[in-house]
Amino acid sequence: MSIKVVIKESTYFDSVSLMSLSTKANQIEGVEQAVIAMGTEMNKEVLRNVGLITPELEAAKTSDLMIVVKAATDELCESAYVGIEELFTKKGDTKGKTEIKYATIDSAAKSIPEANLAVISVNGAFAAREARKALENDLHVMLFSDNVSIEDEIALKQFAHEKGLLMMGPDCGTAIIGNVALCFGNAVRKGNIGIVGASGTGSQEVSVRIHDFGGGITQLIGTGGRDLSEQVGGIMMLDGMKALDEDEATKVIVLISKPPAPSVEEKVLAQIKNCKKPVVVYFIGGEETAVVAAGGHFAKTTKEAALKAVVLAGANEDELNKRPLNWPLIEEVRAKLTPEQKYIRGLFCGGTLCDEAMYLAMDTYEDVYSNIQKKPEYKLKNLHESIAHTFLDMGDDDFTNGKPHPMIDPSTRIVRFLQEAKDPSVGVIVMDFILGFGSHEDPVGVMLPAIIEAKQLAEKEGRHLEILGYVMGTDLDAPKFEDQVQKLMDAGVTIASSSTNAGLLAREFVAKGV
């Protein structure tokens, strides 16, 4: 076995690009394992864990690019490295367009005086510094980087608030500004509904459902996942609400988050009372009473949030296709499952999609476990072993430490899917397939061999395995939404029309004695 190591000093690439390149590198013929990453301590720890660390890699700086290739022979390593170099060349190919690169935010701001937004994705150690430079240049900021201290986050958001600027992030993965999706996002039509979201995939799902109901988006403002914590105090959520309330094009505002800290929720509800526009509130697992008392419109699910928003924005509810649950299908699936097949296994790329399905299951069942469960007694102790009804957010740090996000590289989910498919107590496996900017170029296609294998295995053992898929995307997304759905249907997968319906169908499929 041979290992080739190349270190490119002071060569920075953002984490999303490197995750995508690593995925493609591992598909090169002859490669047993390839890692392309910055020389951070976390990435070195990953290399130690898989036995690929060397003294020169240990000495790499955080600003250095590490390329590691493992193959059967030196020749295969060299050949693979050439292939990796070609991947970098293709990434930089602008197809004849002129691309101007700037060394600093200051120089970019001076050269493009009309610019008003900076998207920052650098090593977390430098992210706060670069975000402050952008704010000092009067630029709104979308900070994709994570590993930024909460003290820096608070300081940046307070500084931005004083300057009347948006400080989206850190760890902000989704935004749509001026009808342009930034980082992870879907292609949705322009409209009159604005979103402020502390959840990336939750914001994507609501925007997609709004599009499906015939509505459209003015702006989707991300806040970062910690914004509604006690420490940060919801600074970006409140500023985003204010910006949309003052925006003439926005007629309805939608808020999306996991339940805020109680003191922060009070601030948000107080601001809802003062909003000139209707506000729909989807706080996952939240309570209705306080929202309604503040004059807001409570939504229990992403689908309900989108539906209420489009109706408040002027749509005729009676004319909308609400895509109700298919009860004949539910009865048909129940009849196929044995009494022993009583559990759901959810394998999700999107954290909010996982949360939504989990909370819907919790409405009916007590034994609902997850890596993101808030109840300590139902939080998985062993991530590699499912218990009863188990819902896994495979994009959580538990599964992505040093590995690409499953929206980019689904290999970890494929392994877990095949494991769950062998369990005779499993009645349904539910999965999301996320389309749009930043996602895998064919999320369904890469899962199909495993789906076919699992179906054949179950059939050979004389049991039915119900696989439930939800494709999150619009008719404007690439790859084509219709093509992805058809591939799943051709493989015998049942299709859910929304994240909400996916959770409801999974719950009802395994219901016994009803």
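Structure first, text after, so check above.
Below is a short write-up of the structure.

What follows concerns the pattern of salt bridges. By the definition in use, this model includes 31 salt bridges. When the shortest N-O distance is used, the salt bridge between arginine 48 and glutamate 45 registers 2.8 Å. Separated by three residues within a single helix, arginine 48 and glutamate 45 lie in helix H2 (residues 41-49), roughly one turn from each other. On the basis of relative accessible area, arginine 48 is assigned to the partly exposed category, the value being 28%. Ionic pairing is found between lysine 487 and aspartate 442, a salt bridge with its closest N-O pair at 3.0 Å. On the criterion of sequence distance, the pair formed by lysine 487 in helix H18 (residues 481-490) and aspartate 442 in the loop between strand S17 (426-434) and helix H17 (448-460) is long-range, its members being 45 residues apart. Residue class for lysine 487 comes out partly exposed when judged on its relative accessible area of 30%. For aspartate 442, a relative accessible area of 22% corresponds to the partly exposed category. The structure contains a network of salt bridges with shared partners spanning Glu41, Glu45, Arg48 and Glu58.

Attention now moves to the packing of helix H14 (residues 351-362) against helix H19 (residues 499-509). At a minimum axis separation of 8 Å, H14 and H19 run at an interaxial angle of 40 degrees. Classified by the angle between their axes, H14 and H19 sit oblique to one another. When the axes of H14 and H19 are compared, the crossing they make is right-handed. Contact residues: Leu353, Glu356, Ala357, Leu360 and Ala361 in H14; Ser499, Thr500, Gly503, Leu504 and Arg507 in H19.

Turning our eyes to something else, we now look at the packing of aromatic side chains. Aromatic ring pairs are described here by two measures, namely the spacing of the ring centres and the angle between the planes. Inspection of the entire model under this criterion finds two aromatic pairs. For the pair phenylalanine 144 and phenylalanine 184, a centre-to-centre distance of 6.1 Å together with 50 degrees between the ring planes defines the contact as tilted. Taken together, the positions of phenylalanine 144 in the loop between strand S5 (140-143) and helix H7 (150-163) and phenylalanine 184 in the loop between strand S8 (180-183) and strand S9 (190-197) put the pair 40 residues apart, joining distant regions of the chain. According to the relative accessible area criterion, phenylalanine 184 is buried, its value standing at 11%. Taken together, a centroid distance of 5.2 Å and an interplanar angle of 70 degrees make the contact between tyrosine 369 and tyrosine 378 edge-to-face. We note that tyrosine 369, like tyrosine 378, is buried. Over the ring of phenylalanine 433 we find arginine 413; its NZ or CZ atom is 5.1 Å from the centre of that ring.

Reading guide: rules and limits
- Along each chain, the written sequence defines residue order, and numbers are assigned to residues from 1.
- Whole-chain, interface and lining totals are the exception, using all residues; otherwise, since this is a predicted model, local features are given only for residues with pLDDT of at least 70 and side-chain atom pairs are given and counted only at 80 or more.
- Side-chain figures throughout are based on the complete set of non-hydrogen atoms in the structure, without hydrogens or water.
- By convention in these notes, a salt bridge is any Lys or Arg side-chain nitrogen within 4 Å of a carboxyl oxygen on Asp or Glu.
- Under the DSSP-based scheme used, a helix requires at least four consecutive residues in state H or I and a strand at least two consecutive residues in state E, with every element numbered from the N terminus.
- Only protein chains enter the calculation, and the probe is 1.4 Å; a residue is then buried if its accessible area is under 20% of its type maximum, exposed if over 50%, and partly exposed in between.
- Helix axes are fitted only over the stretch in contact, all axes being lines through C-alpha atoms; the angle between N-to-C directions runs from 0 to 180 degrees.
- For this classification, under 35 degrees means roughly parallel, over 145 means roughly antiparallel, 65 to 115 means roughly perpendicular, and everything else is oblique.
- Put simply, a crossing is left-handed when the front helix is turned counterclockwise from the back one by less than a right angle, and right-handed when it is turned clockwise.
- Should any heavy atoms of two residues lie within 4.5 Å, those residues are considered in contact.
- For this analysis, a ring pair means two rings from Phe, Tyr or Trp (six-membered ring only for Trp) whose centres lie within 6.5 Å, classed as stacked if their planes differ by under 30 degrees, edge-to-face if by over 60, and tilted for the remaining angles.
- By the criterion adopted, a ring carries a charge over it if an Arg CZ or a Lys NZ lies within 6 Å of its centre and within 35 degrees of its normal.

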